[in-house]
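A structural walkthrough
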Amino acid sequence: MNHKAALAKKVRVFQARIAMTKALMSFLKKHPAVASRTLVWALSKKPALYFFEKAFIRPVIVKGQKHVALRLEKYFEDWEGYAGLIDKTVCVDISRLSRKELDKVLKKVKIDLPKTQAEDEEVDD
């Protein structure tokens, strides 16, 4: 691979990661309650948000568009064991949801944003 092609490839990778990070930042600014309930995580070396043992918010570049979708996925302890068997996707794109819509979607993975993480865990038991 020549230098120009290698450079172009690396620049595209960095631009995609920047776009993913900006999408997550924008989402957190719109929904600050999510910031207190998630950890910054890396999935396949890409930025993500992690609701402890419940779900992930994974940024996904939408091909043919300049939009980064934020996919809500169920957490599985042994995710490799479920590969291809179960669809982990709860919502294809939560980036444009209102707070009310987001609350409804998060309840599918047993997350109630108005409650604290400890209160959520009490309900799960």
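The rules behind these values
Residues numbered from 1 in each chain as written. Predicted model: local features only at pLDDT ≥ 70, side-chain atom pairs only at ≥ 80, totals over all residues. Heavy atoms only, no water. Helix = DSSP H or I, 4+ residues; strand = E, 2+ residues; numbered from the N terminus. Expected span 1.5 Å × (residues − 1). Buried < 20%, exposed > 50% of the residue type's maximum accessible area, 1.4 Å probe, protein only. Contact = heavy atoms within 4.5 Å. Polar contact = N/O pair within 3.5 Å; in protein donor to acceptor, adjacent residues only side chain to side chain. Pairing = 2+ DSSP bridges. Axes fitted to C-alpha atoms, helices over the stretch in contact; angles between N-to-C directions. Arc of directions from axis to C-beta. Core = buried A, V, L, I, M, F, W, Y, C linked by side-chain atoms within 4.5 Å.

Every α-helix carries 3.6 residues per turn, so stepping three or four residues along brings you back to the same face. The end-to-end C-alpha separation of helix α1 (residues 3-30) is 41 Å, in line with the 40 Å expected for 28 residues at 1.5 Å each. Of all the residues in α1, the buried ones are Met20, Ala23, Leu24 and Phe27. Elements that come into contact with the buried residues of α1 comprise α2 (32-37), β2 (46-51), β3 (55-61), β4 (68-74) and α3 (99-107). The N-cap residue of α1 is Asn2: its side-chain oxygen and the backbone nitrogen of Lys4 are 3.2 Å apart.

Quick look at the sheet that holds β2 now. Whenever strands of a sheet pair, they do so through backbone hydrogen bonds, lying parallel or antiparallel. The strand order across the open sheet formed by 5 strands is β1-β2-β3-β4-β5, and the pairing between neighbours is antiparallel. Edge positions in the sheet fall to β1 (39-43) and β5 (89-91), since each of these pairs with one other strand and no more. Neighbour-to-neighbour, the strand axes of the sheet open up by a mean angle of 40 degrees, direction not taken into account. Sheet strands touched by α1: β2, β3 and β4. Its angle to β2, the strand with the most contacts, is close to 30 degrees.

Buried within α3 we find Leu102, Asp103, Val105 and Leu106. Considered in projection along α3, the buried side chains sweep an arc of 165 degrees and stay on one side of the axis. Opposite the buried face of α3, by more than 90 degrees, sit the exposed residues Lys100, Lys104 and Lys107. Residues of α3 that are buried sit in contact with α1, α2, β2, β4 and β5.

This next bit is on the nonpolar core. Counting residues in hydrophobic clusters, the biggest one holds 22 residues, and the most contacted among them are Val34, Phe51, Ile57, Leu72, Ile94 and Leu102. Counting only elements with at least two residues in this core, the list comes to α1, β2, β3, β4, β5 and α3. No other element matches the 4 residues that α1 contributes to this core. With residues up to four places along the chain from it excluded, the contact list for Ile94 reads Phe27, Ile57, Leu70, Leu72, Leu102 and Val105.

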